[in-house]
Amino acid sequence: MNGRPARPYVLLSCATSIDGYIDDSSEQRLLLSNEDDLDRVDAVRASCDAILVGAGTVRRDDPRLLVRSAVRRAERVAGGRPASPAKVTLTARGDLDPTARFFTAGDAARFVYCATSAVEKTRERLERAATIVDAGEPIDPAWLLADLAARGVRRLMVEGGGTVHAQFLTAGLADELHLVVAPFFVGDGRAPRFVGEGSFPWHSGHRARLADVRQIGDVVLLRYALSDRFGEA
């Protein structure tokens, strides 16, 4: 026994409108958070070993997934860690652009977990941009987490989108949820929501524990404990 956990501590992070949307249906990204909350998210990122988003988020939002604060980056480096956490995505089809900022921004390690049927295509596109991992057919999030643990990831931040959040939640693979609520409605059935339909471990007969509520400017942070590992460093 080396004391390494079977999977990383998994922290889900999401911002929604009052009516539960994570974006609208326009081409421009909807800003749900504010600067103070974005700084809080940056601190959470800096505390993690890896950040995971789905391929749809990579395509739609083109995120950099880097620690923004120079002070936090320096603290990570001083502690013997890379300036920013590793970047992780998962894809069923391998439809990812090697020029996306996920692959080009920063020097963090990059991992693409893909379905077996898309491995060859993904390697042809991305073999110089990331480590490509065959994650089965369909992708098994529990196996993905075990593989990340074997690579030294102890704390994983999952930033979405809704399909990925639902995968981890319905599988009971989340330890903590940070849900930020913005003070407005979207009201557009074409827009993506936090999660869709599914069989979740938390329901009317098994309520999630609300561990913290915090007002951050004009948004509210709800912090939920989803497992008995909640709060592990």
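The rules behind the values
- Residues numbered from 1 in each chain as written.
- Predicted model: local features only at pLDDT ≥ 70, side-chain atom pairs only at ≥ 80, totals over all residues.
- Heavy atoms only, no water.
- Salt bridge = Lys/Arg side-chain N within 4 Å of Asp/Glu carboxyl O.
- Helix = DSSP H or I, 4+ residues; strand = E, 2+ residues; numbered from the N terminus.
- Buried < 20%, exposed > 50% of the residue type's maximum accessible area, 1.4 Å probe, protein only.
- Pairing = 2+ DSSP bridges.
- Axes fitted to C-alpha atoms, helices over the stretch in contact; angles between N-to-C directions.
- Contact = heavy atoms within 4.5 Å.
- Core = buried A, V, L, I, M, F, W, Y, C linked by side-chain atoms within 4.5 Å.
- Phe/Tyr/Trp six-rings, centres within 6.5 Å; stacked < 30°, edge-to-face > 60°.
- Lys NZ or Arg CZ within 6 Å of the ring centre and 35° of its normal.

**Topic: the pattern of salt bridges**
Per the stated rule, a full pass over the model turns up 17 salt bridges. In this structure, the salt-bridge partner of Arg 7 is Asp 175, at a minimum N-O distance of 2.8 Å. Taken together, the residues Arg 7 in the segment before β1 (9-16) and Asp 175 in the loop between α7 (162-170) and β7 (176-181) connect sequence positions 168 residues apart. When its relative accessible area of 16% is taken as the criterion, Arg 7 is described as buried. Residue Asp 175 is classed as buried on the basis of its relative accessible area, which comes to 0%. For the salt bridge of Arg 68 with Glu 35, the shortest nitrogen-to-oxygen distance reads 3.8 Å. Here the residue Arg 68 occupies a position in the loop between α2 (55-61) and α3 (70-78), and Glu 35 occupies one in helix α1 (residues 35-46), the gap between them amounting to 33 residues. With a relative accessible area of 44%, Arg 68 lands in the partly exposed category.

**Notes on the sheet that holds β1**
Pairing is mixed in the open sheet, where nine strands are placed in the order β5-β4-β3-β2-β6-β1-β7-β9-β8. The sheet terminates laterally at β5 (131-134) and β8 (209-216), the two strands that pair on one side only. On average, each strand axis in the sheet is inclined to that of its neighbour by 20°, with strand direction left out of account. Bridging between strand β2 (residues 50-54) and strand β6 (residues 155-158) involves three bridges; their strand directions are parallel. Within β6, the position partnered with Leu 52 by the bridge is Val 158. Lying on the sheet, helix α6 (residues 141-150) is in contact with β1, β2, β3 (86-91), β4 (110-114), β5 and β6; it crosses β4 at an angle near 150°.

**Re the nonpolar core**
Leu 12, Leu 52, Tyr 113, Leu 156, Val 158 and Phe 168 are the most contacted members of the largest nonpolar core, which totals 32 residues. Apart from residues no more than four positions distant in its own chain, Val 158 is found in contact with Val 10, Leu 11, Leu 12, Ser 13, Leu 52, Val 164, His 165 and Phe 168. Listed in part, the 22 residues of the second largest apolar core include Tyr 9, Val 44, Val 53 and Ala 130.

**Brief notes about the packing of aromatic side chains**
Under the definition given, this model contains two aromatic pairs. Measuring from ring centre to ring centre gives 4.9 Å for Phe 102 and Phe 103, while their planes differ by 75°; the resulting arrangement is edge-to-face. In this structure, Phe 102 and Phe 103 share a single accessibility class: buried. Residues Tyr 113 and Trp 143 carry aromatic rings whose centres are separated by 6.4 Å and whose planes lie at 70° to one another, so their mutual orientation is edge-to-face. Of the two residues, Tyr 113 sits in strand β4 while Trp 143 sits in helix α6, which places them 30 residues apart along the sequence. Using a relative accessible area of 0% as the deciding quantity, one classes Tyr 113 as buried. Looking at Trp 143, the relative accessible area reads 37%, which means it is partly exposed. Between the NZ or CZ atom of Lys 87 and the centre of the ring of Phe 102, over which it lies, the distance is 5.9 Å. For the cation-ring pair, Arg 193 lies above Tyr 21, with the distance from its terminal atom to the ring centre recorded as 4.5 Å.

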